Amino acid sequence: TAKRVTLESINSAIRDEHYYPPFGTPLTMCFLTMENGYFVTGESACISLENFDAELGKKIARQRAVDKLWSLMGFHLAYCKGE
């Protein structure tokens, strides 16, 4: 089987994650720090503060950050020819 990006490889490349909900807003930001020091962000927001759910916001923001990693890690894998 050829080298490929997997969710496991993405998760193992993440060193740390932090969430930042700007006070008084329905926005959640996720900051993923990778093992190599690079970071990726993801965001989520709802229309009104009354609908804000912090845990759901974290889940969506993290998923959006991870979604960015698929293409970044795929490019790295292809560029390095699997090394």
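Remember, it's a predicted structure, so these values are computed and weren't measured experimentally.

### Brief notes about helix α2 (residues 54-79)
One turn of an α-helix holds 3.6 residues; hence residues three or four places apart share an orientation.
Phase 1: Look at α2: 38 Å from first C-alpha to last across 26 residues, which is about the 38 Å you get at 1.5 Å a residue.
Phase 2: Buried residues of α2: Gly57, Ala61, Ala65, Val66 and Leu69, and no others.
Phase 3: Structurally, α2 contributes buried residues whose contacts are with α1 (7-13), β1 (14-20), β2 (27-34) and β3 (39-45).
Phase 4: Its side-chain oxygen placed 3.1 Å from the backbone nitrogen of glutamate 55, aspartate 53 serves as the N-cap of α2.

### Brief notes about the pattern of salt bridges
Phase 1: Scanning all chains against the criterion turns up two salt bridges.
Phase 2: Here lysine 58 ties to glutamate 55 by a salt bridge, and the two come within 3.8 Å at their closest N and O atoms. With lysine 58 and glutamate 55 both in helix α2 and three residues apart, this pair spans about one turn of that helix.
Phase 3: A residue is classified by how much of its surface remains accessible, and lysine 58, at 32% relative accessible area, is partly exposed.

### Here's the deal with the sheet that holds β1
Phase 1: Taken together, three strands build an open sheet; the order of strands is β1-β2-β3 and the sheet is antiparallel. The sheet terminates laterally at β1 and β3, the two strands that pair on one side only. With direction set aside, neighbouring strand axes in the sheet form an average angle of 15°.
Phase 2: Two strands pair when backbone bridges link them, and β1 and β2 are joined in this way by six bridges, in the antiparallel orientation. Directly across from histidine 18, in β2, lies its bridge partner phenylalanine 31.
Phase 3: Sitting on the sheet, α2 touches β1, β2 and β3, and the angle it makes with β3 is about 140°.

Criteria and cut-off values
Residues numbered from 1 in each chain as written. Predicted model: local features only at pLDDT ≥ 70, side-chain atom pairs only at ≥ 80, totals over all residues. Heavy atoms only, no water. Helix = DSSP H or I, 4+ residues; strand = E, 2+ residues; numbered from the N terminus. Expected span 1.5 Å × (residues − 1). Buried < 20%, exposed > 50% of the residue type's maximum accessible area, 1.4 Å probe, protein only. Contact = heavy atoms within 4.5 Å. Polar contact = N/O pair within 3.5 Å; in protein donor to acceptor, adjacent residues only side chain to side chain. Salt bridge = Lys/Arg side-chain N within 4 Å of Asp/Glu carboxyl O. Pairing = 2+ DSSP bridges. Axes fitted to C-alpha atoms, helices over the stretch in contact; angles between N-to-C directions.

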